[in-house]
Structure formats: structure tokens, C-alpha cells
Amino acid sequence: MPPFPVPTGPVATGSLHLGLDLGTSGVRAVVIDAQGAVQATAREPLPPPQREGPHMRQDPALWWDAVRRVLATVLAPLECSRLASLAVDGTSGTLLLTDPEGTPLAPALMYGDAACVAEAARIEALAPPDTAARGPACALARLLNLQARHPEAAHALHQADWIAARLTGRLGLSDEHNALKLGYDPLRRCWPAWLQALGVRAGLLPEVLAPGTRIGPVAPEIARAFGLPPHLQVVAGTTDGVAAFLATGASRAGEAVTSLGSTLVLKLLSPQPVTASAFGVYSHRLGDQWLVGGASNSGGAALLKHFNAERMAQLTPRLRPEFPTGLCYYPLPVPGERFPVNDPALAPRESPRPADDALFFQGLLEGIAAVEALGYQRMAELGAPTPSRVLTVGGGARNAAWTALRRRCLGVPVERASQEEAAYGTALLALRAMAAG
């Protein structure tokens, strides 16, 4: 069974389904009908998170303000009585603590906050090798830091959890995707005992639901404020990365999605979980399959070291994918790699540099394609299937010459995804919840 297809079950023909995506720069909303067709979209900006050294924080009130604005905009042209379900995705690993009423006790520690080094060392000493909750950027390290500073806390919530709680009035709930890097065991579907040995306060941990599980109707005061139907169901959400995968429509084991953004992110559907913390490889449960993921430091940021976007656009028509350069680069923005090679000191390999910028640019693109191929090879060595098809999202997906280079390197069909908005994938999750009955 495909993990999250557009449902063909008993969904009301005229129903509408809303996905909310909380990203770094803004909140996006997409409304789809029962056939998955987009009916309305909206976006509201967010102020950038506060950054100071390794710290990255944001006031959750900013999220709620943006959600209120985006809902008002996206709902304006719709017949709101048709809305049947709503789901929320958020940035993976972003965490906050609240009091018993859900009021945040401090700014949220964002997904990019890497200040919890001492806490990460404690986790490293006690955690089993197969957990995804490792490193100073994991949500579990943030929880250890926050709970020490706020002994009065009642709930530990991810970004998507807190917004869903504001919409429903139900606190203490999360989903299996967001909970993964907080230490949740997706195989046994429970919080493991080693968290207690680490000193995690069990009362802070949320109840974990499968993504797409109905949480309950929207709170009456929210329904009145936005003109929503009282029967509108809020369902358990997901992370922004998984939501973007769902948006592509990939649904069969062996289908993969490569994100060509600042970094290179690979996700592959597998019939069994694959975990290798040494390479940053972890698996999300996705229906009756598993979504295996890994992220390389190579990608667009490595290209921007040498060319700005305008220069790359000028050079692209001069690319000749049918004639490989043989330069064998390993492009990185700075020394250090995590996947598919685990070497914190790995130096970028970007020489010799030809005098022709187009040849150099093509060599860099070939190098990133080679890293992508090695990444999927690494996943296969660890037990995942070999990709049968690769869908592409992100800015690099628009470069046809790069797609041709990657197709040659990967040896499988490579296509640009027709949909890649995380909010669209989350709307599909909301739609599926209604088909599940």
C-alpha cells in the first residue's frame, strides 16, 4: 500500500483540506479539494530567528501571529463550511517548553541551535547507536537544556505540536516524525527506558500519534475567530522535510526524492528501517513503509562559494552534459562532511580549476551529482533499496542540464517533482485522515 496517496476512499466530494507549513522565513498555507487539486494558497513572512554564536531562538508568539494572518488570507476566497480537516508541519527539531496552559516559558530553541554541546555529550554516553537523537542540534539535547532551566515546565512541544495545540486546545500531543529526534523509538512505538536514565522528566514528553491521526475538532473559540466549521478536524502533523516528500507523490519502495537546496538531502522509501547514526542516516515510519534520509553538506552553498546566482544562470547554457569533464570534484562550502562520508575534517576537492568558468561550473555540478550517487549507494549498502526513480525538489531542480548530468550519474530516471511545497504535502496528510474514517 502506498504510504500517503491521494485517497480514493469515502471523502466528501466537496470537502476541502488545509495544510500549514511553518518554515524559517514564513508560514505557508495550501487548501486542496478531495481530488488533491489546489484551491487556495497564501504565505505570511516571519522575522528571522535570533542568532548569537551557536544559539538560534525564536518567540513562538511570532508563529501564532503568522498563522492567524495566513489563515485569514487563505480562507477569504473559500466557502469555509466545506473545510473538513487541517494538519500542521514544522521545522524538525525546534522545541519549546510550556506551562500547564500551553504558555511558552522561554523562546523556542530552533532546529539550527547547536549550543547544547554538554547535553549532547551526555546523550552520546548513554544512548543506543540506533537513535536519531544524537548531536547538539537534536531536540533531545535541547530538552535537557530547557528542563534544567525551567523545572516548572509541564509540556515539551515541537513547533507543529504547539500550533496544533493552539488550534484544538489539546496539549501534550506530538507525531512520530517530530518526536524522532527527541528520542522516540519508531520501531517499538514508545519512549525508550534509556531516556529516564538520562534524566529526562517523563511528564514533559508528549503522547505520540501516527501522522494523520485525528486529534479532534478545532477549538470553539478558534472556529468563531476564523469562521471555521465546528466539525473541522485537526490531525497529527509531520516535519517540514517529510511534508515536502509527501508533496511529490512518491509512494513506492525504491522511489526517492533529492532536494537540491543549500545542502543535498536524500530521502528514499524502503520496506524496512535503516539507521546508521555514524552517517546521520535515520528512518521515519511512513504508513507501512519507512522513509530513509541522509543529508550531505554539499549542494548549493558549495556552488555559491564560486558563483552568484546570476553568473550560474549565464553559464548554464554552455553546459555540455554529454561530455563529462573528468574533474572528479567533491564540492563543500567549508571543510567537514557527515553523509555519505563521515569525516568532520574532509576538505573540499575543487581543483584543478580550468580557465573556462563553464567547464569549472560543470565540474562542480558533476561533483555534487557524484555525492548524490554515493549517498544512494550508501543507503543501499545499509539495507535500503536501490532507487528506481528520483524526483527532484529545490532550486537546482530547475536546471535541465544539471538534471541530465545527474541522470547519467545515477543511471535511473530523474524528474522534477510537479509539487514540492511542504504545505501541499501536509494538506494531503489532512485529506488522508478523512479517508481513513
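Thresholds applied
Residues numbered from 1 in each chain as written. Predicted model: local features only at pLDDT ≥ 70, side-chain atom pairs only at ≥ 80, totals over all residues. Heavy atoms only, no water. Core = buried A, V, L, I, M, F, W, Y, C linked by side-chain atoms within 4.5 Å. Buried < 20%, exposed > 50% of the residue type's maximum accessible area, 1.4 Å probe, protein only. Helix = DSSP H or I, 4+ residues; strand = E, 2+ residues; numbered from the N terminus. Contact = heavy atoms within 4.5 Å. Salt bridge = Lys/Arg side-chain N within 4 Å of Asp/Glu carboxyl O.

Caption draft 1: Highlighting the nonpolar core. Core analysis: the biggest nonpolar cluster contains 45 residues, and L20, W63, L75, L83, I163, L167 and L228 have the highest contact counts within it. The set of elements that each furnish at least two residues to this core consists of β1 (16-22), β2 (26-33), β3 (38-45), α1 (60-75), β6 (83-90), α4 (159-168), α7 (220-226) and β13 (233-239). Here the element with the most residues in this core is α1; it accounts for 8 residues. Beyond its immediate sequence surroundings of up to four residues, L20 is in contact with R28, A29, V67, V70, L71, L86, A87, V88, D89, L167 and T426. Counting residues in hydrophobic clusters, the runner-up holds 38 residues, among them L260, L364, V371 and A373.

Caption draft 2: Main features of unusual backbone geometry. Here the bond from F339 into P340 is cis, since omega is 5 degrees, no more than 30 degrees from zero. Across the junction of S351 and P352, the peptide omega takes the value 5 degrees, indicating a cis bond. Topologically, P352 is positioned in the loop between α10 (309-315) and α11 (357-382). Even without a glycine there, the phi angle at R189 is positive, about 55 degrees. Mapped onto the elements of the fold, R189 is located in the loop between α5 (176-179) and α6 (194-198). Residues other than glycine seldom take positive phi values, yet C328 does so here, at roughly 55 degrees. Within the fold, C328 resides in the loop between α10 and α11.

Caption draft 3: Layout of the pattern of salt bridges. Evaluated as defined, the whole model comprises 14 salt bridges. Between D357 and R311 there is a salt bridge, with the nearest N and O atoms lying 3.3 Å from each other. Taken together, the positions of D357 in helix α11 and R311 in helix α10 put the pair 46 residues apart, joining distant regions of the chain. R311 sits in the partly exposed class, given a relative accessible area of 28%. Through salt bridges with shared partners, a single network forms among D21, R28 and E421.

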